[in-house]
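If you want the building blocks of each chain, they are given just below.
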Amino acid sequence: MLVHLPTFYDRGTASVSSGATTVTGNDTLWGDGTLLAGDRFTVPSQPLVPPQRIASITSNGELELAVPWPGANVAGAPYEVRYAGIIERSTAQTRRYLEMLGDIGSTGVGINAFGTFAGRAAYNDRPANFVYLSTNGNGSSITYPLVYIKQSSASGDWGTSIDITGPQGPSGLIGVWRGAWAAGTAYALKDVVRVAGTSYICEIAHTSGTFATDYGAGRWSVVAQRGDVGLSYNRSTSTADSDPGNGNFRFNNATLASATQLFIDLIDTDGVTQTGFLDAWNEGTSPSSKGQLYIRLRDNPSVFYVYNVTGVTTASGYRKIAIQYLSGSGTIANTAACVLSFMRAGDKGQDGMGTGDVVGPGGATSSNVAIFSGPSGKAIADSGIAASDIVRAGTAQVVTGRKTFSAGGTGDSSIAQLAGGGGGEIAINGNGVGAAVAQYHRPSGHITYFGLDTDNQFKRGGGSLAGVARMFFDQGNILGNVAQASGVPTGALIERGSNANGEYVKFADGMMICRRVWDVAGLAVNTGNGSLFFSAAQTWTFPAAFATGVYPVITGSARIGGVLCYVHPNSTSDNSTGDSIYVVSSASVTGTAHIRLVAIGRWF
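Description of the structure in this document.

Cut-off values and rules
By convention here, each chain's residues receive numbers from 1 onward along its written sequence. Local features in this predicted model are restricted to residues whose pLDDT is 70 or higher, and side-chain atom pairs enter the listing and the counts only when it is 80 or higher, whereas totals over whole chains, interfaces and linings include all residues. Here the side-chain values reflect all heavy atoms present in the structure, with hydrogen atoms and water set aside. In DSSP terms, a helix is any run of H or I states spanning at least four residues, a strand is any run of E spanning at least two, and both are numbered starting from the N terminus. Type-normalised accessible area, obtained with a 1.4 Å probe on protein chains alone, sets the label of each residue: buried when under 20%, exposed when over 50%, and partly exposed for intermediate values. Contacts were defined at the residue level, with two residues in contact if any of their heavy atoms lie within 4.5 Å. Note that accessible areas follow from Shrake-Rupley with a 1.4 Å probe, and for residues the cover is restricted to the protein chains shown. Two strands qualify as a pair provided DSSP detects at least 2 bridges between them. Axis lines are fitted to C-alpha atoms, over the contacting stretch for helices. Their N-to-C directions set the angle, which ranges from 0 to 180 degrees. Pairing of aromatic side chains requires ring centres within 6.5 Å, counting the rings of Phe and Tyr and the six-membered ring of Trp. Pairs whose planes differ by under 30 degrees are stacked, by over 60 edge-to-face, and all others tilted. Here, a charge over a ring is recorded when the distance from Lys NZ or Arg CZ to the ring centre is within 6 Å and its angle to the ring normal is within 35 degrees. By salt bridge we mean one thing: a side-chain nitrogen of Lys or Arg within 4 Å of a carboxyl oxygen of Asp or Glu. Buried Ala, Val, Leu, Ile, Met, Phe, Trp, Tyr and Cys residues form a nonpolar core when they are joined through side-chain atoms within 4.5 Å. For patch detection, residues must exceed 30% relative accessible area and be free of salt bridges, and they are connected within 9 Å for like charges or within 5 Å for nonpolar side chains (Val, Leu, Ile, Met, Phe, Trp, Tyr). Two N or O atoms form a polar contact when they lie within 3.5 Å of each other; inside protein one atom must be a possible hydrogen donor and the other a possible acceptor, and for residues adjacent in sequence the pair counts only when both atoms belong to side chains.

For the chain, the count of helices and strands is 5 helices and 42 strands. Across the 604 residues that make up the chain, the buried fraction comes to 33%. For the chain, long-range pairs separated by at least 24 residues make up 48% of all intrachain contacts whose partners lie at least 6 apart in sequence. Accessible surface computed for the chain: about 32,700 Å², of which carbon and sulfur atoms make up 52%.

Listed below in structure tokens is the structure:
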């Protein structure tokens, strides 16, 4: 961001009693230097109460008003502290910005021109103190805006660049992990707990009662929701062949590596009937295994057991699962919460045809793919292709190592010459009118999609980004109409335009720069004020409107004949669409004024 000049502060909530001067804050940072005595405190829910002047800042969570609060009691409500004014207030950000641009009032030097770093060369012969704003930094390693000032009239004698990025903001609050939630525990703001696999963060300090009641009262918010990881059951250490009861399962042997049967109720711990799913474990036609059953502790994945499932027998209220131990580790105690996942084995393939007269090669490489040799269908050869090098279409597959895909070419020498599937490309096609996407999946469930969306824009979205689709920018769409929704950019990165009132550049982050080169004939700068003379007010209507209440910063310079002047803005009211300016000189002069103006602020 080039310039960030906020007009109010509203972090956290505030409380103040009617007739009191002490205001207390929750999750506020009033003492970090952002607020100053003289700023105005107001509560949006009480619009008839005028903003009250702040006498002093006591701490991050307390300030004092100059007079008692005239409104009704305020308890933990949204508030605003309106800064006393962008110019008058001289906040750290404003002072830093003004220092970089120089003392406009004493030198008359403002931003004389702006553009890319390469465009600076066009101004190499300008006189000393000529100011140039490079919108792309130094054109290489630095891409954020920089200011350059001519040191003398010598060609190319530019000074060291001035960095005008904003200061670093205050550090955010980090949650404190407290482990599993427990009743009767004192929890502080930002404490984080785990309940049934979902993480929650404390929004209001309290001593816990029941979690459902506390959550309903707004004391907790979800941080990370537990995903669907399998069936939720508790272990019973009984080995009896009987219904273990709702939400329970048991083995037929206390030594889990020796167990050959698992007895599981039809209803899991969430009260969901799993009859159809459990019966489906018996549907596989592979002769050796129906699939694999993975059992682990919910809160400790390092404790787990894996079994082959060889059959399912129906019993009243439960199922008997025939199992074969494969591997495992750790102890699963009585009533321990577990997660059960079943992975179905592939079905038995169709029996081969013929009478056994197929002939194989004299030798072959292990794990290579076999192919038919000749048209008889009875001769097999080694293809020379390893099975691990095959990527199956239409199914999910993990491919390890580096794989090269070659689709064959037609002589096209560049991407720009390809026209809709005519060359040697790997194609990803959408289904019907849907988007054409590629999925990227990182362990722990993080997924994102890249592809061509239905509006023919290349985007990233879906998966872990939920319903968000974010557009990629290139030479074709970086310039256009900027837009925003609730403070989030939704259009191009940069918008440029001009009209009879000058030129403007809008940026997606909300910043806007307006510029005008203006010649005013017969301007008289002859009204005395101390040792200076000033002109009648000249109205500048901005080429594009700033946001209401922004009060853009206006700078400029002027020259009448051989007399150098500077420009002083009026700025006595909201100047979102324009402002009056005065040309000021140390000598009384009349003539054509060559005025150069720049206004910087926000368009939202």
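Now that the structure has been shown, the text picks up again.
With that out of the way, let us pick up the sheet that holds strand β2 (residues 13-16). Strand order in the open sheet formed by 8 strands is β1-β8-β4-β5-β6-β3-β2-β7, with antiparallel pairing between adjacent strands. With one partner strand each, in any of the chains shown, β1 (8-9) and β7 (74-77) form the two edges of the open sheet. When strand β5 (residues 52-59) meets strand β6 (residues 62-65), the two strands line up antiparallel, connected through 4 bridges. Pairing of Ile57 across the sheet is with Leu63, part of β6.

This part is about the sheet that holds strand β29 (residues 446-452). The 4 strands lie next to each other as β28-β29-β30-β31, forming an open sheet whose pairing is antiparallel. Edge positions in the open sheet fall to β28 (436-442) and β31 (469-471), since each of these has one partner strand only. In this sheet, neighbouring strand axes are inclined to one another by 25° on average, regardless of whether the strands run parallel or antiparallel. Where β28 and β29 come together, 7 bridges link them in antiparallel fashion. In the strand pairing of β29, Arg442 is matched with His446.

The subject of this paragraph is the packing of aromatic side chains. By convention here, two paired aromatic rings are described through the distance between centres and the angle between planes. Tallied over the full model, the rule gives 26 aromatic pairs. Among the aromatic side chains, those forming a connected cluster through ring pairs are Trp181, Tyr187, Tyr200, Phe211, Tyr215 and Trp220. Seen from the ring of Tyr148, Arg120 lies directly overhead, with NZ or CZ sitting 4.6 Å from the centre. Its guanidinium or amino end placed over the ring of Trp518, Arg516 lies 4.1 Å from that ring's centre, counting from NZ or CZ.

What follows is about the pattern of salt bridges. Under the defined criterion, the tally for this structure stands at 10 salt bridges. A salt bridge links Arg194 to Asp299; its shortest N-O distance comes to 3.7 Å. A residue pair is termed long-range when its members are at least 10 positions apart, and Arg194 in strand β15 (residues 191-195) and Asp299 in the loop between β22 (291-297) and β23 (300-315) qualify at 105 residues. Measuring nitrogen to oxygen at the nearest pair gives 3.1 Å for the salt bridge that ties Asp347 to Arg344.

Bringing the nonpolar core into the picture now. Nonpolar side chains tend to gather and get buried jointly when the protein is soluble and globular. Counting 26 residues, the largest nonpolar core has Phe249, Phe251, Leu262, Ile295, Ile332 and Leu340 as the members making the most contacts within it. Secondary structure elements with two or more residues in this core: β19 (231-235), β20 (248-251), β21 (261-265), β22, β23, β24 (318-329) and β25 (337-344). The element contributing the most residues to this core is β23, with 5 residues. When residues no more than four places from it in sequence are discounted, the contact partners of Phe251 are Arg235, Ser238, Thr239, Leu256, Ala259, Gln261, Leu262, Phe263, Ile295, Tyr307 and Ile323. Formed by 25 residues, the second largest nonpolar core is a distinct cluster that contains Leu523, Phe542, Ala599 and Trp603.

Another aspect to go through is the pairing of β5. Looking at chain direction, strand β4 (residues 40-42) and β5 are connected through 2 bridges and run antiparallel. Bridge assignment links Arg40 to a residue of β5, and that residue is Arg53. Hairpin connection of β5 to β6: 2 residues between the antiparallel strands.

Looking now at a nonpolar patch on the surface. Among the surface-exposed residues, Phe473, Ile478, Leu479 and Leu493 lie close enough to one another that they form a single nonpolar patch of about 320 Å² accessible area. Considering the arrangement of structural elements, one finds Phe473 in the loop between β31 and β32 (484-485).

Take Asn575: it is sitting in the loop between β40 (563-569) and β41 (578-585). Side-chain polar atoms of Asn575 contact the side chain of Asp579, separated by 3.1 Å. When near neighbours in sequence (up to four residues on either side) are disregarded, Asn575 contacts Phe542, Tyr551, Pro552 and Ile554.

What follows concerns the pairing of β15. In this sheet, β15 lies alongside strand β13 (residues 176-180) in parallel orientation, the contact comprising 3 bridges. Along β15, the bridge assignment pairs Trp177 with Val192. Note that β15 and strand β16 (residues 198-202) share 4 bridges and pair antiparallel. For Arg194, the partnering residue across the bridge sits in β16 and is Ser199. Linkage of β15 to β16, two consecutive antiparallel strands, is achieved through a turn of 2 residues, within which Ala196 is found at a positive phi near 50°.

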